[in-house]
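Inside the fold
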Amino acid sequence: MAWLSLLLFLPWFCVMGALYWWFPRQPRHRARTLFDASMLVLALLVSTGFMLWGYRVGAAEMAHGLWKQIMAVLYAYGGFLAVMVLALLLRPRVLSR
């Protein structure tokens, strides 16, 4: 049941990932493509790890109900956004070299 939250948020993660990938359109070179791809993969991995952690926290708080899935979604979304914000802040610095 922990994977339900990732399944529900996957379309939103795809939309945010696509916007991150496409904008700004220029400059598009090999270093940027590698950096963006690695950040998107890292965001998915961090989100998955946080989702499992949030599910465990929710299960510890309340054994029944939707609290486990709610905590899993909140943690997964927070992890994804944290990596995306870090990537947006680091992209100009990394690619200016």
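Refer to the structure printed above.
The paragraphs below set out a description of the structure included in this document. Just so we're clear, the structure is a prediction, and the values are computed from it rather than from any experiment. (Residues numbered from 1 in each chain as written. Predicted model: local features only at pLDDT ≥ 70, side-chain atom pairs only at ≥ 80, totals over all residues. Heavy atoms only, no water.)

**Let's talk about the overall build of the chain**
Put simply, the rule is: Under the scheme used here, helices are H or I runs from DSSP no shorter than 4 residues and strands are E runs no shorter than 2 residues, and both carry numbers assigned from the N terminus. A 1.4 Å probe rolled over the protein chains alone gives each residue an accessible area, and that area as a share of the maximum for its type sets the label: buried under 20%, exposed over 50%, partly exposed in between. Should any heavy atoms of two residues lie within 4.5 Å, those residues are considered in contact.
When helices and strands are counted, the chain shows three helices and zero strands. Seen along its three principal axes, the alpha-carbon backbone of the chain occupies a region of about 50 × 20 × 15 Å. Expressed as a percentage of the 97 residues in the chain, the buried residues total 31%. Taking as baseline every contact in the chain between residues at least 6 positions apart, the subset at least 24 positions apart corresponds to 62%.

**Structural notes on a nonpolar patch on the surface**
Note the threshold: Residues with no salt bridge and a relative accessible area higher than 30% make up the patches, which join like charges within 9 Å and nonpolar side chains (Val, Leu, Ile, Met, Phe, Trp, Tyr) within 5 Å. Throughout, the Shrake-Rupley method with a 1.4 Å probe supplies accessible areas, and for residues the shown protein chains are the sole cover considered. Just to be clear on terms, a salt bridge is a Lys or Arg side-chain nitrogen sitting within 4 Å of an Asp or Glu carboxyl oxygen.
On the surface, a cluster of nonpolar side chains totalling about 520 Å² of accessible area is made up of Trp12, Val15, Leu19, Trp22 and Phe23. With respect to the element layout, Trp22 can be found in helix 1 (residues 3-22). Under the relative-accessibility criterion, Trp22 is labelled partly exposed at 49%.

**Some remarks on the nonpolar core**
Note the cut-off: Nine residue types can take part in a nonpolar core, namely buried Ala, Val, Leu, Ile, Met, Phe, Trp, Tyr and Cys, and a core is a set of them joined through side-chain atoms within 4.5 Å.
One finds Phe13, Tyr20, Met39, Ala43, Met51, Phe80 and Met84 to be the most contacted residues of the largest nonpolar core, which totals 16 residues. Among the secondary structure elements, those contributing two or more residues to this core are helix 1, helix 2 (30-61) and helix 3 (67-95). Broken down by element, this core gets its largest block of residues, six residues, from helix 3. The contact partners of Phe80, leaving out residues within four places of it in the chain, are Phe13, Met16, Ala43, Leu44 and Ser47.

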